Every structure is written in structure tokens, then in C-alpha cells.
Amino acid sequence: MAVTIIEGDLLEAKEDILGHQVNCQAVMGSGIAKLLKTKYPNLYTSYLEYCKDKAPEQLLGNLQLVDVQGKFVANLFGQLTYGRSSTVYTDYAALKEALLSLKNYAKEHGLTVALPYGIGCGLANGSWEIVQKILEETFEDYEVTLYQIQ
């Protein structure tokens, strides 16, 4: 398995690509998305532009790479909507598709990848058991580092 879990803050990661799950509604209002939006203002404007002329359903499973201060942020379109209910917003198939695109891009360009530990399982209410299996399968042949804040 090429998945490594370390203690640390994704926003301080040294990897070339910082990935995170986004919704298909052009909203980065909370969680890691909001933190990344604050740290890298062009991330949000690029995200809005990317979403602008597409139906939300067309975005599911997509990968958007945004150049931010010498690295990339990968917007992984793994949830159609968002909310504060107990609904599972993570679409596992879409997340897997976006992660596969991310891995393939990183491999092709020799770039390192960092993701938040528990991606898709916080505010999006996904099951870590399912997401962890997706990560292990997707990254079985390429290194990914998961950042976990203790």
C-alpha cells in the first residue's frame, strides 16, 4: 500500500499537489475547502469559473487542478450537494474517479500528492472504511500522504 498517514496540517504540506473534496454547487463555505480558499484566493475564483457553465451533475467525478503559489490544489468533485444534515454527501464512485484522475496526472508529471485524512468523511459524512479502501485501491501503485491533525 502506498498510502502514508502522518500527523500534520494539510495547509502546511510540502507535496506538489494538495487534494481535497469539493461539492458541485460552486460553494467553498466550510471545512478544508474554506481554509484553502482563504489561503489561496485564486483557488475560489478558478473553482467558480470551472463550475460556471456546467450542470452540477456534469461536474461529479471531475478533477480540477489550480496553480497556487508554486504548487497545485486539486479540487476533487466527489459530492453533488452539501448541507448540515446526517445525509451522506460523498459520492464514492465520483470521488474514486476524481482520485484516479489525480493519481494519473501526478504519475505522468512526477508530482507528489497530499490529501486530508478522512477526505469525504467529515462534513460530507462519508464512511472512512469505504473511503480508505478507495484510497488503498487507487494509490496501490503511487505514493499519497494523508495529513491528520491530532
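Within each chain, residues carry numbers counting from 1 in the order of the written sequence. Where totals are concerned, whole chains, interfaces and linings use all residues; where local detail is concerned, this predicted model gives features only for residues with pLDDT of at least 70, and gives and counts side-chain atom pairs only at 80 or more. To get the side-chain values, all heavy atoms of the structure are used, and hydrogens and water are removed first.

Taking an unreviewed UniProt entry as the reference, the protein chain is identified by name as Macro domain-containing protein belonging to Paenibacillus ehimensis. UniProt positions are given in the numbering used here, feature names are shortened, and annotations may be inferred rather than shown by experiment. In its Catalytic activity (unreviewed entry) section, the UniProt record describing the protein chain reads: "an N-(ADP-alpha-D-ribosyl)-thymidine in DNA + H2O = a thymidine in DNA + ADP-D-ribose".

J.: So what's going on with the overall build of the protein chain? Which residues, and what values?
T.: Helix and strand definitions here come from DSSP, where helices need a minimum of 4 consecutive H or I residues and strands a minimum of 2 consecutive E residues; each element is numbered from the N-terminal end. In terms of regular secondary structure, the protein chain is built from 5 helices and 6 strands. Across the protein chain, helices and strands are ordered from the amino to the carboxyl terminus as β-β-α-α-α-β-β-α-β-α-β. Relative to its length of 150 residues, the protein chain is compact, with a C-alpha radius of gyration of 14 Å against a globular reference of 15 Å. Overall, the C-alpha framework of the protein chain stretches about 35 × 35 × 30 Å when taken along its three principal axes. Here the globule rule is a power law, 2.2 Å times the number of residues to the power 0.38, and the radius of gyration is based on C-alpha atoms.

J.: Tell me about the environment of S85, and please be specific about residues and values.
T.: Among the secondary structure elements, S85 is positioned in the loop between β4 (71-79) and α4 (92-109). Residues adjacent in sequence count toward polar contacts only when both atoms are side-chain atoms; beyond that, a polar contact is any pair of N or O atoms within 3.5 Å, and within protein one must be able to donate a hydrogen and the other to accept it. One polar contact links S85 to T87, side chain to side chain, over a distance of 2.8 Å. Side-chain polar atoms of S85 contact the side chain of Y89, separated by 2.9 Å.

J.: Explain the packing of α4 against helix α5 (residues 128-138) to me, and be specific about the residues and the numbers.
T.: For the pair α4 and α5, the least separation of the axes is 10 Å and the interaxial angle reads 30°. Accordingly, the angle class assigned to the pair α4 and α5 is roughly parallel. Crossing angle aside, the handedness with which α4 passes α5 is right-handed. Here Y92, L95, K96, L99, L100 and K103 of α4 lie close against α5, whose contacting residues are I130, V131, I134, L135, E137 and T138. Throughout, the ten residues Ala, Val, Leu, Ile, Met, Phe, Trp, Tyr, Cys and Pro are labelled nonpolar, Asp, Glu, Lys and Arg are labelled charged, and all others, Gly among them, are labelled polar. Looking at side-chain class alone, the contact of α4 with α5 contains 8 nonpolar, 1 polar and 3 charged residues. What counts as an axis is a line fitted to C-alpha atoms, over the stretch in contact for a helix, and the angles between N-to-C directions run from 0 to 180 degrees. In what follows, roughly perpendicular refers to angles from 65 to 115 degrees, roughly parallel to angles under 35, roughly antiparallel to angles over 145, and oblique to any angle outside these ranges. Throughout, a crossing is termed right-handed when the near helix is turned clockwise from the far one, and left-handed when it is turned anticlockwise from it by less than a right angle. The contact criterion used is simple: two residues touch if any of their non-hydrogen atoms lie within 4.5 Å.

J.: An account of the layout of surface pockets is needed here, citing residue identities and associated values.
T.: Here a cavity denotes grid points, spaced 1 Å and computed from the protein atoms alone, that fit a 1.4 Å probe unable to get out, and a pocket denotes an open set having protein on both sides within 12 Å along at least 5 of 7 lines; residues with an atom within 4 Å of a point are the lining. Grid points are joined across faces, edges and corners, and a volume is the space filled by probe spheres set on the points. Taken as a whole, the largest pocket spans an internal volume of roughly 470 Å³. What lines the largest pocket is a set of 25 residues, and nearest its centre among them are Q21, S30, G31, Q79 and L123. Looking at the lining of the largest pocket, the elements with two or more residues in it are β2 (17-23) and α1 (31-39). For the lining of the largest pocket, the element with the most residues is β2, which contributes 4 residues. Of the residues in the lining of the largest pocket, the class split is 13 nonpolar, 11 polar and 1 charged.

J.: Break down the pattern of salt bridges for me, citing the residues and quoting the values.
T.: The salt bridge criterion pairs a side-chain nitrogen of Lys or Arg with a carboxyl oxygen of Asp or Glu, the two atoms within 4 Å. In total, this model carries 5 salt bridges according to the counting rule given. With a shortest N-O distance of 3.0 Å, D141 and K103 are connected by a salt bridge. Of this pair, D141 sits in the loop between α5 and β6 (144-148) while K103 sits in helix α4; the two residues are 38 residues apart in sequence, bridging distant segments of the chain. Exposure categories follow from relative accessible area, calculated using a 1.4 Å probe and restricted to protein chains: below 20% of the type maximum is buried, above 50% is exposed, and the middle band is partly exposed. On the accessibility criterion, K103 (8% relative accessible area) is buried.

J.: Talk me through the sheet that holds strand β5 (residues 113-116); I want residue IDs and the actual numbers.
T.: At least two bridges found by DSSP between two strands are what make those strands a pair. Ordered in space as β1-β6-β5-β2-β4-β3, the 6 strands form an open sheet in which the pairing is mixed. Both outer strands of the open sheet, β1 (3-7) and β3 (63-68), are each paired with one neighbouring strand and no more. For this sheet, the mean angle separating the axes of adjacent strands, direction not counted, is 30°. When β2 meets β4, the two strands line up parallel, connected through 7 bridges. Counterpart to I17 in the pairing with β4 is F72.

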